[in-house]
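Read off the chains here:
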Amino acid sequence: MSLTVPPELIDQAAKGKVDEQAFVDCVRDSLPYAWSVVTRLVDELHATDAKATYNEIAPPDEKGYGQLFRMLASTSIRGAMERHFGVQLAFQNCCKVAVFQPDATEEYAAFITLEAQILNQKPELVDC
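Owing to the predicted nature of the structure, the values given are computational and were not obtained by experimental measurement. (Residues numbered from 1 in each chain as written. Predicted model: local features only at pLDDT ≥ 70, side-chain atom pairs only at ≥ 80, totals over all residues. Heavy atoms only, no water.)

Let us now look at the overall build of the chain. Secondary structure assignment for the chain yields 7 helices and 3 strands. The order of helices and strands in the chain, counted from the N terminus, is α-α-α-β-α-α-β-β-α-α. Against the 2.2 N^0.38 benchmark of 14 Å for 128 residues, the chain shows a C-alpha radius of gyration of 15 Å, consistent with a compact globule. Projected onto the principal axes, the alpha-carbon positions of the chain cover approximately 45 × 35 × 25 Å. For the chain, with 128 residues in total, the buried portion stands at 40%. Of all intrachain contacts in the chain linking residues separated by at least 6 positions in sequence, the fraction that spans at least 24 positions is 60%. Carbon and sulfur atoms make up 56% of the accessible area of the chain, which totals about 7400 Å². Of the charged side chains in the chain, 11 are positive and 19 negative; the average position of the first set lies 4 Å away from that of the second. (Helix = DSSP H or I, 4+ residues; strand = E, 2+ residues; numbered from the N terminus. Rg over C-alpha atoms; globule rule 2.2 N^0.38 Å. Buried < 20%, exposed > 50% of the residue type's maximum accessible area, 1.4 Å probe, protein only. Contact = heavy atoms within 4.5 Å. Areas by Shrake-Rupley, 256 points an atom, 1.4 Å probe, with all protein chains shown as cover. Lys, Arg positive; Asp, Glu negative; His and termini not counted. Charge placed at Lys NZ, Arg CZ, Asp CG, Glu CD.)

Below, the structure written as structure tokens:
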């Protein structure tokens, strides 16, 4: 299971309306490593005039890898995080997570190209 969902959220989902802040709190509590990576990047982004910031630090263990994959591969989780932080998220692999200002369309477009993905590949990341 990717999230540890409290009974209240399950009840809300069954009724057709989940409180987004409660969902964000669930993500924070369920995926603490991934949350820490994204919040660190958001803090770095807001501390500068940069359009984007990137993480290139490998997770410390398999649990960390899994949390990043769960957060960023889930459209609903990633969307909730983007709305919560007011940024756009992207990733090329578990070690290359990026946070973009909402108006960083050129930087985002460059990050998600096939060329950028290929150039990010490194032999030591084959099994990451």
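Let's pick the thread back up.
Bringing the pattern of salt bridges into the picture now. This model, assessed by the stated rule, comprises 5 salt bridges. We note a salt bridge from Arg 28 to Asp 29, for which the minimum N-O separation is 3.1 Å. Residue Asp 29 is classed as exposed on the basis of its relative accessible area of 54%. Note that Glu 44 and Arg 40 form a salt bridge whose closest N and O atoms lie 3.1 Å from each other. Of this pair, Glu 44 and Arg 40 both sit in helix α3 (residues 32–46), 4 residues apart, roughly one helical turn. Arg 40 sits in the partly exposed class, given a relative accessible area of 30%. Bridged by salt links that share partners, the residues Asp 25, Arg 28 and Asp 29 form one connected network. (Salt bridge = Lys/Arg side-chain N within 4 Å of Asp/Glu carboxyl O.)

Counting through the fold element by element, Gln 101 comes out in the loop between β3 (96–100) and α6 (105–111). Among all residues touching Gln 101, those that are not within four sequence positions of it are Leu 45, His 46, Ala 50 and Lys 51.

Here 3 strands make up an open sheet; going across it, the order is β1-β3-β2 and the pairing antiparallel. Both outer strands of the open sheet, β1 (52–55) and β2 (88–93), are each paired with one neighbouring strand and no more. Neighbour-to-neighbour, the strand axes of this sheet turn through a mean angle of 20°, independent of strand direction. Pairing between β1 and β3: 4 bridges, direction antiparallel. Bridge assignment links Asn 55 to a residue of β3, and that residue is Val 97. Taken strand by strand, helix α4 (residues 62–73) contacts β2 and β3, and its axis lies near 130° from that of β2. (Pairing = 2+ DSSP bridges. Axes fitted to C-alpha atoms, helices over the stretch in contact; angles between N-to-C directions.)

Ranked by internal contacts, the top residues of the largest apolar core, which has 25 residues, are Val 27, Met 71 and Met 81. At the level of elements, α2 (20–30), α3, α4, α5 (75–85) and β3 are the ones that each hand at least two residues to this core. Top element by residues in this core is α3. It accounts for 7 residues. Those residues in contact with Met 81 that lie beyond four places of it in its chain are Val 24, Val 27, Trp 35, Met 71 and Leu 89. In terms of nonpolar packing, the next biggest core, distinct from the first, is built from 6 residues, Ala 90, Ala 98, Phe 100 and Phe 111 among them. (Core = buried A, V, L, I, M, F, W, Y, C linked by side-chain atoms within 4.5 Å.)

This model, assessed by the stated rule, comprises 6 aromatic pairs. Plain terms: the ring middles of Trp 35 and Phe 85 are 5.2 Å apart, the flat faces sit at 50° to each other, and that makes the pair tilted. Of this pair, Trp 35 sits in helix α3 while Phe 85 sits in helix α5, and the two are 50 residues apart along the sequence. The residues Trp 35 and Phe 85 share a single accessibility class, namely buried. Each member of the aromatic cluster is reached from another via a ring pair, and the members are Tyr 54, Phe 100, Tyr 108 and Phe 111. (Phe/Tyr/Trp six-rings, centres within 6.5 Å; stacked < 30°, edge-to-face > 60°.)

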